[in-house]
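These are the residues of each chain, in order.
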Amino acid sequence: MSVVWLVLKVIGWLLLGVLALLIFTPFAVKIHYGDELRLKVGAALFGRHGIWLQILPKREKKHARKPKPKKEKPEKPKKEKKPQKDKKTEESAKKKPKKSISELLDTLVMPALQALGKSIHPLFKTIRFRQLSAHIWVASDDAAKTGQLYGYLCAAIPEAMPLVCAIFNVDDWHLRVDADFTTEKLTAEADVVVSLTLGAVIWVILRMGWLFLWEHLKRKRRRKREQRM
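Report follows, based on the coordinates.

Rules used throughout
- Residues numbered from 1 in each chain as written.
- Predicted model: local features only at pLDDT ≥ 70, side-chain atom pairs only at ≥ 80, totals over all residues.
- Heavy atoms only, no water.
- Helix = DSSP H or I, 4+ residues; strand = E, 2+ residues; numbered from the N terminus.
- Buried < 20%, exposed > 50% of the residue type's maximum accessible area, 1.4 Å probe, protein only.
- Contact = heavy atoms within 4.5 Å.
- Salt bridge = Lys/Arg side-chain N within 4 Å of Asp/Glu carboxyl O.
- Core = buried A, V, L, I, M, F, W, Y, C linked by side-chain atoms within 4.5 Å.

## Observations regarding the overall build of the protein
Thought 1: Within the protein one finds four helices and seven strands.
Thought 2: Along the protein, from the amino end to the carboxyl end, the secondary structure elements read α-β-β-β-α-β-α-β-β-β-α.
Thought 3: Considering the protein as a whole, with its 229 residues, one finds that 17% of them fall into the buried category.
Thought 4: Restricting the contact set of the protein to residue pairs at least 6 apart, pairs at least 24 apart contribute 72%.

Printed below as a string of structure tokens:
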């Protein structure tokens, strides 16, 4: 009996370990944009480094097997459905009266909107940019336009990045802009690593559900008081 209990205890600890690993492991997406688009998914265990599975571009298979011809199965005769009899029960007559639109808006829609509004910022904060780097070469058919666009980007980036860092968690970012007067086409290269943990998402969802339930019950009690008066 003690051996069975020991085995069950070990299995339980292993299951708890796997569950904790799934909840706290940061699952990430790694994107590279340049000459080609490269997309990888995996677990960012050490900053931007981790275990990755390549999605794009797809690797070519060396030995492609020919699909086997499918055997045609004889069609089975369809069974005729018997017409269902209309049954009128007494329950249909004892249905509860439908809630008015104003009550639905007050007790369901408004609490849902309030809970969503209070949870948007925490939801965005669960998204972590472990790497955000880009190099843009500004170019056009006119040198004056190139210089003007270069000036706009150099002025916009320092203003926009603090806002991005306030909305999301950004560990490392580096944006560089250069003017290229030798070509007529704007080019860019970018590397982005975005991650989130399942535990943080679950926490935000539970928080949103609690806020909705609290506001829903509060509004429902208030309407009952108004009806009594």
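## Thoughts on unusual backbone geometry
Thought 1: In this structure, the amide linkage connecting leucine 56 to the following residue, proline 57, adopts the cis form with an omega of -10 degrees.
Thought 2: Relative to the helices and strands, proline 57 resides in the loop between strand E3 (49-56) and helix H2 (101-125).

## What about the pattern of salt bridges?
Here the idea is simple: oppositely charged side chains can pair when their charged atoms come close.
Thought 1: This model, assessed by the stated rule, comprises eight salt bridges.
Thought 2: The residue aspartate 106 makes a salt bridge to arginine 219 at a minimum N-O spacing of 2.5 Å. Separated by 113 residues along the polypeptide, aspartate 106 in helix H2 and arginine 219 in helix H4 (residues 198-228) bring together distant segments of the chain. There is no split in this pair, since aspartate 106 and arginine 219 are both buried.
Thought 3: As a salt-bridge pair, aspartate 106 and arginine 222 come within 3.2 Å of each other at their nearest N and O atoms. Note that aspartate 106 is positioned in helix H2 and arginine 222 in helix H4, a separation of 116 residues in sequence.
Thought 4: Salt bridges here are not isolated pairs; linked through shared partners, they connect Asp106, Glu215, Lys218, Arg219, Arg222 and Arg223.

## Some points on the nonpolar core
Thought 1: In terms of nonpolar packing, the biggest core is built from nine residues, these being Phe129, Leu132, Val138, Ile157, Met161, Phe168, Val170, Val177 and Val192.
Thought 2: Counting only elements with at least two residues in this core, the list comes to strand E4 (128-138) and helix H3 (143-167).
Thought 3: Among the elements that take part in this core, E4 stands out by supplying three residues, more than any other.
Thought 4: Aside from chain neighbours lying at most four places away, what touches leucine 132 is Met161, Asp172, Trp173, His174, Asp191 and Val192.

Geometric values such as these leave the question of function open.
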